[in-house]
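What follows is the residue order along each chain.
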Amino acid sequence: KVVEDYYLSQQREESVSFDQLWQTFDRYYRREGFLDQAQKQAREEQAETMIKNLIERAKRDVPKAIERRFRVKTPEATLIGRIDAIFTDGEKVIIVDYKTGRVSDQAEADQRAKQSRQLLLYNFALQQAGEEVTELQLRFLEPVVTGRVIPKPKDLERAARLISKTAQGIKE
């Protein structure tokens, strides 16, 4: 929600401060489930770092779309969802999924992007809408690292198989 609020403000050409984003975080933050006060405090410090990282990174690029909804019908099911962000840079169309989980290094981030079912399905949805996607990214907010993968034609077949298999599992 913090990422969405930040970019929507940017698109409206409104400035948004750290304090405003922290208020958004605070409004949606669940304060239960922590083992102790120290764990809760560590999570809040991590959130503070992630918001600061988001602001710093977002100064460099503004998305074409935020929380873009999609609906794709296949013979087996209808796929409905939202893509965190879509960036364009001339000829490029880049799908971005933001992550708050941690990765240890660039190689792990790239591997997670390569294995991401979310990115696979987002690519499928945009391709079905006639948009040629050139890159898929998982953007980790802490540490600040971006996993990247270039979509391949066979990914559309993989996504269709995943949708079909999931739909069959639900019907059974």
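Residues numbered from 1 in each chain as written. Predicted model: local features only at pLDDT ≥ 70, side-chain atom pairs only at ≥ 80, totals over all residues. Heavy atoms only, no water.

Caption draft 1: Region of the structure containing the packing of aromatic side chains. One pass over the structure, following the stated rule, counts three aromatic pairs. Ring centres of Trp22 and Phe25 lie 4.8 Å apart, and the angle between their planes is 40 degrees; this geometry places the pair in the tilted category. A residue pair is termed a helical-turn pair when its members lie 3 or 4 positions apart in one helix, as Trp22 and Phe25 do in helix α2 (residues 18-28) at three residues. The partly exposed category is assigned to Trp22, whose relative accessible area is 24%. Phe25 gets classed as buried once you look at its relative accessible area, which sits at 14%. (Phe/Tyr/Trp six-rings, centres within 6.5 Å; stacked < 30°, edge-to-face > 60°. Helix = DSSP H or I, 4+ residues; strand = E, 2+ residues; numbered from the N terminus. Buried < 20%, exposed > 50% of the residue type's maximum accessible area, 1.4 Å probe, protein only.)

Caption draft 2: Local environment of the pattern of salt bridges. Enumeration over the complete set of coordinates arrives at eight salt bridges. Between Glu131 and Lys64 there is a salt bridge, with its nearest N and O atoms 3.5 Å apart. Of this pair, Glu131 sits in the loop between α5 (117-128) and β4 (135-141) while Lys64 sits in the loop between α3 (37-58) and β1 (65-73), placing them 67 residues apart in sequence. Using a relative accessible area of 17% as the deciding quantity, one classes Glu131 as buried. (Salt bridge = Lys/Arg side-chain N within 4 Å of Asp/Glu carboxyl O.)

Caption draft 3: Examining the sheet that holds strand β3 (residues 92-99) more closely. Ordered by their spatial adjacency, five strands build an open sheet running β1-β2-β3-β4-β5, and the pairing between neighbours is mixed. Each edge of the open sheet is held by one strand with a lone partner, namely β1 and β5 (144-149). Taken over all neighbouring pairs, the strand axes of this sheet differ in orientation by 40 degrees on average, direction set aside. Two strands pair when backbone bridges link them, and β1 and strand β2 (residues 78-89) are joined in this way by eight bridges, in the antiparallel orientation. Bridge assignment links Lys73 to a residue of β2, and that residue is Thr78. Against the sheet, helix α1 (residues 2-11) makes contact with β1, β2, β3 and β4, and its axis sits at roughly 110 degrees relative to β1, the strand it touches most. (Pairing = 2+ DSSP bridges. Axes fitted to C-alpha atoms, helices over the stretch in contact; angles between N-to-C directions. Contact = heavy atoms within 4.5 Å.)

Caption draft 4: Expanded view of the environment of Leu121. Here Leu121 lies in helix α5. Classification of Leu121 as buried rests on a relative accessible area of 16%. Separated by 42 residues in sequence, Leu121 and Ile163 place their C-alpha atoms 8.5 Å apart. Beyond its immediate stretch of four places on either side in the chain, Leu121 contacts Leu79, Ala159, Leu162 and Ile163.

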